[in-house]
Amino acid sequence: MNQNVVLKKIAFLFLIPLFSFSQKSCYSLKEALLDPLKCETLELVDDNSFEIDERIGELTNLKNLVIINCKLKKLPDNIDKLKKIEKLRIQDCMNFQFRSTDLDSFASLKKLFLYKNNLTAVPDLKNQTELEELDIRNNQIEEIPRGISMFLEILFISNNKIKNLDSLSTLKYLKSLDARKLELKEFPQSLKKLKNLSYLDIAQNQITKIPSWIENLEHLSMLVMGGNSITKIPNQFGNLSNLKWLEMPNNKITKIPSSFCRLAKLHLFDIGNNQLHRLPSAINKLSSLKKFTANGNELQRLPKEICDLQKIEELDFTDNQLKALPENIFKNKTLKSLQVKNNSLKEIPLNYLNDHNYIVINALKNPLTQENIIAVKKNDTNGKFFHFHFEQ
């Protein structure tokens, strides 16, 4: 190894303790007050006090304040002295509510986590111009906080009482949005302008239609929309060229359009528990697909092209109506799991099966012939890690 590289690594190892001591973490206010100017992180967990001691205002260099599972009802009056706060996390404090001015002095705030507190409102965030991440999941909040910085990158608002997402249209730098469990009846129009969005979760709402303008979300790489009432995938969906992860189980989708198969970067596709009768023959164009889940549909056959998925590792067709599998279903050695439980299969194909070093086949609740079961089991030779589940 190059001597300079070695010296740099050694120097880095010696510097690690210096970095650690430069940012002191305290786990009680009493500990922090022993040397208040050195405390940069204060974590209060499982504290039964209803109030925080006013002396917290002495921690003028505090950057991170974490309060979890406490009986806290409000922040102390002198919280405004903590002007260097960059991260505030209040979680599982079921008695806590904000006052309108509580956050006014936190001009340096970058991350605000308010998960699961029974909050009904969050103060105006107009002074938090550097805010990058906001998490208000699992509360009773009725509207998105006002004054959110246009530079916000991450917003989690799921499981609240928020019905109007119009204000999101101004968040042009937003990259991640979690808006599940809001009882939304339509795909939010405000998302149309969020061209930097890469992660979107709108699962467990009441959405019936995917708009054609979804193609505008050109940077979208992960999309979660299970548990809605969606009936159709629009042709424009195939233009989401950066999509890698797609979950849309538990909807009412009857067809996958051929244009969908232009998603060449898609790694995971879950369309389980829908109403599919067939799959497109162009499915082999999903050249990056590793995991395909289509359980709980009404599939009676699979296109032979599914055998040409070059990177496929897991296929799940549990609870369908399959009467036969393509004879070359085991063609790709990358396949590690085939789930076909509860179908109408009489045999498992043998072609290429002996080429696999490890594979799991779950064929329970299928009327397989005894001859086929014996033939399949014979492929488990030479110490292979082979698992074949079937009815005895």
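Note that the coordinates shown come from a computational prediction; the quantities given were computed from them, not determined experimentally.

**Examining the overall build of the protein chain**
- Along the backbone of the protein chain there are three helices and 17 strands.
- In terms of C-alpha radius of gyration, the protein chain reaches 27 Å, well past the compact-globule figure of 21 Å for 392 residues.
- Oriented by its inertia axes, the alpha-carbon framework of the protein chain measures out at about 80 × 55 × 45 Å.
- Considering the protein chain as a whole, with its 392 residues, one finds that 47% of them fall into the buried category.

**Observations concerning the packing of aromatic side chains**
- Taken as a whole and judged by the stated rule, the model has eight aromatic pairs.
- Residues F151 and Y173 carry aromatic rings whose centres are separated by 5.3 Å and whose planes lie at 25° to one another, so their mutual orientation is stacked. One end of the pair, F151, is in the loop between β6 (133-135) and β7 (154-156); the other, Y173, is in the loop between β7 and β8 (176-178), with 22 residues separating them in the sequence.
- Y173 gets classed as partly exposed once you look at its relative accessible area, which sits at 35%.
- Between F269 and F292, the aromatic rings sit 5.5 Å apart at their centres with planes inclined by 15°, giving stacked as the arrangement. Here F269 is found in strand β12 (residues 268-270), whereas its partner F292 is found in strand β13 (residues 291-293), with 23 residues between them in sequence.
- Overall, the relative accessible area of 1% leaves F269 in the buried class.

**Comments concerning unusual backbone geometry**
- At Q204, a residue that is not glycine, the phi angle is positive and equals roughly 55°.
- Residue placement: Q204 occurs in the loop between β9 (199-201) and β10 (222-224).

**Remarks on a nonpolar patch on the surface**
- Together, M150, F151 and Y173 make up a nonpolar patch on the protein surface, roughly 280 Å² of accessible area in all.
- Note that M150 resides in the loop between β6 and β7.
- You can call M150 partly exposed: its relative accessible area is 34%.

About the criteria used
Residues numbered from 1 in each chain as written. Predicted model: local features only at pLDDT ≥ 70, side-chain atom pairs only at ≥ 80, totals over all residues. Heavy atoms only, no water. Helix = DSSP H or I, 4+ residues; strand = E, 2+ residues; numbered from the N terminus. Rg over C-alpha atoms; globule rule 2.2 N^0.38 Å. Buried < 20%, exposed > 50% of the residue type's maximum accessible area, 1.4 Å probe, protein only. Phe/Tyr/Trp six-rings, centres within 6.5 Å; stacked < 30°, edge-to-face > 60°. Patch = residues over 30% accessible without salt bridge, like charges linked within 9 Å, V, L, I, M, F, W, Y side chains within 5 Å. Areas by Shrake-Rupley, 256 points an atom, 1.4 Å probe, with all protein chains shown as cover. Salt bridge = Lys/Arg side-chain N within 4 Å of Asp/Glu carboxyl O.

In short, shape yes, function no, at least from these values alone.
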